[in-house]
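Per-entry structural report
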Amino acid sequence: MTRATGAVTTAAPTRPRLSLVKPPQLTKTARYRALREHAAQAALYAGAHGIHAPYDDWTGLSDGTATTLLEPDLRLIHTPGHGLTALTHCPNGHGHIRPVHSTADLLAFRHDLEHCPTETPQ
Ligand SMILES: [Zn+2]
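This is a predicted model, so every value here is computed, not measured.

1. Regarding the overall build of the protein chain
Along the protein chain, the regular secondary structure elements total two helices and five strands. Counting helices and strands in the order they occur from the N terminus, the protein chain gives α-β-β-β-β-β-α. For the protein chain, the residues scored as buried account for 25% of the 122 residues in total. Within the protein chain, contacts between residues at least 6 apart in sequence are counted, and of these 32% link residues at least 24 apart. Surface summary for the protein chain: the accessible area is close to 8,800 Å², and the carbon and sulfur share equals 59%.

2. As for the packing of aromatic side chains
Throughout the structure, instances matching the rule amount to zero aromatic pairs. The ring of Tyr55 has Arg36 sitting right over it, with the charged end atom 4.4 Å from the ring centre.

3. Looking at the nonpolar core
In terms of nonpolar packing, the biggest core is built from 18 residues, with Trp58, Leu76, Leu84, Ala86 and Leu106 touching the most fellow members. For this core, the secondary structure elements donating two or more residues are helix H1 (25–48), strand E3 (74–79), strand E4 (83–89) and helix H2 (103–114). A per-element tally of this core places H1 first, with four residues. With residues near it in sequence (within four places) discarded, Trp58 still touches Arg36, Ala39, Ala42, Ala43, Ala46, Ala53, Ala66, Thr67, Thr68, Leu76, His78 and Leu84.

4. A word on the pairing of E3
Where a strand is regular, its side chains alternate between the two sheet faces. Residues Leu74, Leu76 and His78 point to one face of E3 and are all buried, whereas Arg75, Ile77 and Thr79, pointing to the other face, are not buried. Two strands pair when backbone bridges link them, and strand E2 (residues 66–71) and E3 are joined in this way by five bridges, in the antiparallel orientation. Note on E3: the bridge partner recorded for Thr67 is Ile77. Pairing of E3 with E4, which is carried by six bridges, proceeds in the antiparallel orientation. Counterpart to Arg75 in the pairing with E4 is Leu87. Counting the residues between successive antiparallel strands, the hairpin from E3 to E4 contains three residues, one of them, Gly81, with a positive phi of roughly 85°.

Parameters at a glance
Residues numbered from 1 in each chain as written. Predicted model: local features only at pLDDT ≥ 70, side-chain atom pairs only at ≥ 80, totals over all residues. Heavy atoms only, no water. Helix = DSSP H or I, 4+ residues; strand = E, 2+ residues; numbered from the N terminus. Buried < 20%, exposed > 50% of the residue type's maximum accessible area, 1.4 Å probe, protein only. Contact = heavy atoms within 4.5 Å. Areas by Shrake-Rupley, 256 points an atom, 1.4 Å probe, with all protein chains shown as cover. Phe/Tyr/Trp six-rings, centres within 6.5 Å; stacked < 30°, edge-to-face > 60°. Lys NZ or Arg CZ within 6 Å of the ring centre and 35° of its normal. Core = buried A, V, L, I, M, F, W, Y, C linked by side-chain atoms within 4.5 Å. Pairing = 2+ DSSP bridges.

Listed below in structure tokens is the structure:
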């Protein structure tokens with residue numbers, strides 16, 4: 001016999017042909033759409049509360065929230081069911097967070113931080 005001993009197999013390599021691989025774009029597209037929906041909800045919510053933050057500026061996140069930078073050091077986060085939260089730094093370098101419901105709230109937040117009275121973040 002000319003048959004070799006050891007691990008002989010007649011099976012084809014297990015690597016699937018490229019044409020049989022499920023295209024990953026479908027999953028990525030679905031995820032992308034969900035993230036853009038979170039961004040759209042955030043833009044609508046902010047707009048309804050008088051805060052100008054265009055849709056294209058929002059980044060939707062996988063946990064359902066969305067975030068945008070209104071200014072270089074003023075971040076806004078939208079959490080469905082909880083509204084908007086603003087994050088920024090005071091002149092002392094503390095990170096500060098505050099729920100906001102309007103442009104007036106944002107202005108008050110920044111004004112309050114110009115004169116941050118404490119050494120501990122609010
Ligand atoms: Zn401070």
